[in-house]
Amino acid sequence: MKQCFKCGQVIPDNAKFCSACGEVMNPVPNPVQGTVTYEQEALEKLDKGLKWEAICYRVVGIATIVLVVLSLLLGIAFAAVSHAVVDGTADYMVENYDYNGDTDFYYSDKNGNEFYYEDFGENAADAAQVAFGVAGVVFWVAMIISSIVSIAYAVINLVAAGRVTKHRKALYTDCRGACDHATSVGVIIFAVFFNLIALIPIIINNVLVADKKTTFDLIKQRQAMSTTQNV
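Presented here is an overview of the structure given in this document. Worth saying up front: this structure is predicted, and the values here are computed from it rather than measured. (Residues numbered from 1 in each chain as written. Predicted model: local features only at pLDDT ≥ 70, side-chain atom pairs only at ≥ 80, totals over all residues. Heavy atoms only, no water.)

## Some thoughts on the overall build of the protein
The helix and strand inventory of the protein stands at 6 helices and 5 strands. Here the protein holds 231 residues, and 28% of them are scored as buried. Of the contacts formed within the protein by residues at least 6 apart in sequence, a portion of 57% connects residues at least 24 apart. Element-wise, carbon and sulfur atoms account for 64% of the exposed surface of the protein, whose accessible area totals about 14,400 Å². (Helix = DSSP H or I, 4+ residues; strand = E, 2+ residues; numbered from the N terminus. Buried < 20%, exposed > 50% of the residue type's maximum accessible area, 1.4 Å probe, protein only. Contact = heavy atoms within 4.5 Å. Areas by Shrake-Rupley, 256 points an atom, 1.4 Å probe, with all protein chains shown as cover.)

This is the structure we're talking about:
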């Protein structure tokens, strides 16, 4: 015996029409012939939506990790450039200015202009070192904090992708978890905060499960019966 997907009336398995409402019945699923029933179609649509939801979470998670790695590499490059600039200050003085004695501590450029060492060389080098040192500390503190937050964000998305994939794997044997996931308000709120792109397939699945509630209820009953028989 089976139920009419429209009114719920119990009818024989081979009935082509519902005896209560007259609705045309799809044939019993036949894997050999590849017959597609309303139930199979609903499961396939839900499966597709879950697939895209998992993809959205996974792509954002991986992309975030890649960005963190690139940011860290940029930080290393920044530190190397800072060090090179500070060292280059002294090299520039040696290459472009002539030292005029141990007592006067004067430097002169190629045009004969003289500069007192402490006013020009020492202070310039110290100023450059302090400036780049402070900038480097601020940069790395911001980089570390943002990296920790970004890694946590990426992990959350990858865990969410794994959870959705788990529902997909069980869909054709027990769709209760997938249906509960699709109709959960908490899942929608989660996507709003952590992945707006995933919100699109989530809403589509929400509408699908709500619109075909009777069909999914029938699927749950059949899956429960099948599990009981196999046990």
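Having put the structure on the table, let's press on.
## Description of the environment of Ser146
Within the secondary structure, Ser146 sits in helix α2 (residues 117–169). Note on Ser146: relative accessible area 34%, which makes it partly exposed. Taking the C-alpha atoms as reference points, Ser146 and Ser71, 75 residues apart in sequence, are found 9.7 Å from one another.

## Regarding the side chain of Asn195
Residue placement: Asn195 occurs in the loop between α4 (185–194) and α5 (199–211). At 3.1 Å, the side chain of Asn195 and the backbone oxygen of Cys56 are in polar contact. Here Ala198 takes part through its backbone nitrogen, which lies 3.0 Å from a polar atom of the side chain of Asn195. When residues no more than four places from it in sequence are discounted, the contact partners of Asn195 are Cys56, Tyr57, Val60, Tyr153, Asn157 and Phe190. (Polar contact = N/O pair within 3.5 Å; in protein donor to acceptor, adjacent residues only side chain to side chain.)

## A few points about the pattern of salt bridges
Counted under the stated rule, the structure contains 5 salt bridges. In this structure, Asp47 and Arg168 form a salt bridge, with 2.7 Å as the shortest nitrogen-oxygen distance. With a gap of 121 residues between them, Asp47 in helix α1 (residues 38–96) and Arg168 in helix α2 connect regions that are remote in the sequence. When the shortest N-O distance is used, the salt bridge between Lys213 and Asp217 registers 2.9 Å. Residue Lys213 and its partner Asp217 are located together in helix α6 (residues 213–230), separated by 4 residues, close to a single helical turn. Look at Lys213 and you get exposed, because its relative accessible area is 51%. (Salt bridge = Lys/Arg side-chain N within 4 Å of Asp/Glu carboxyl O.)

## As for the packing of aromatic side chains
Counted under the stated rule, the structure contains 3 aromatic pairs. Grouped by ring-pair contacts, the aromatic residues Tyr57, Tyr153, Phe190 and Phe194 constitute a single cluster. Over the ring of Phe190 we find Arg163; its NZ or CZ atom is 5.5 Å from the centre of that ring. (Phe/Tyr/Trp six-rings, centres within 6.5 Å; stacked < 30°, edge-to-face > 60°. Lys NZ or Arg CZ within 6 Å of the ring centre and 35° of its normal.)

## Topic: the packing of α4 against α5
Closest axis-to-axis distance for the α4/α5 pair is 10 Å, and the angle between their directions is 165°. Looking at the two axes, α4 sits roughly antiparallel to α5. Note that α4 runs across α5; the crossing there is left-handed. The residues of α5 that touch α4, namely those facing Val187, Ile188, Ala191 and Val192, are Leu199, Ile202 and Asn206. Its residues placed into classes, the contact of α4 with α5 shows 6 nonpolar, 1 polar and no charged. (Axes fitted to C-alpha atoms, helices over the stretch in contact; angles between N-to-C directions. Parallel < 35°, antiparallel > 145°, perpendicular 65-115°, else oblique. Left-handed = near helix turned anticlockwise from the far one by under 90°. Nonpolar A, V, L, I, M, F, W, Y, C, P; charged D, E, K, R; others polar.)

## Examining a nonpolar patch on the surface
Taken together, the side chains of Ile62, Ile65, Val66, Leu67, Val69, Leu70, Leu73, Ile76, Ile151, Val155, Leu158 and Val159 make up a nonpolar region of the molecular surface, amounting to roughly 1,000 Å² of accessible area. If you list the elements that add at least two residues to the nonpolar patch, you get α1 and α2. Per-element accounting of the nonpolar patch gives the leading share, 8 residues, to α1. (Patch = residues over 30% accessible without salt bridge, like charges linked within 9 Å, V, L, I, M, F, W, Y side chains within 5 Å.)

## Section: the nonpolar core
Leu46, Tyr57, Cys175 and Phe216 are the most contacted members of the largest nonpolar core, which totals 24 residues. By residue number, the principal contributor to this core is α1, which donates 7 residues. Each residue touching Cys175, except ones within four places of it in the same chain, is listed here: Leu43, Ala170, Phe216, Ile219, Lys220 and Gln223. (Core = buried A, V, L, I, M, F, W, Y, C linked by side-chain atoms within 4.5 Å.)

## Quick notes on the environment of Lys169
With respect to the helices and strands, Lys169 occurs in helix α2. Separated by 122 residues in sequence, Lys169 and Asp47 place their C-alpha atoms 9.1 Å apart.

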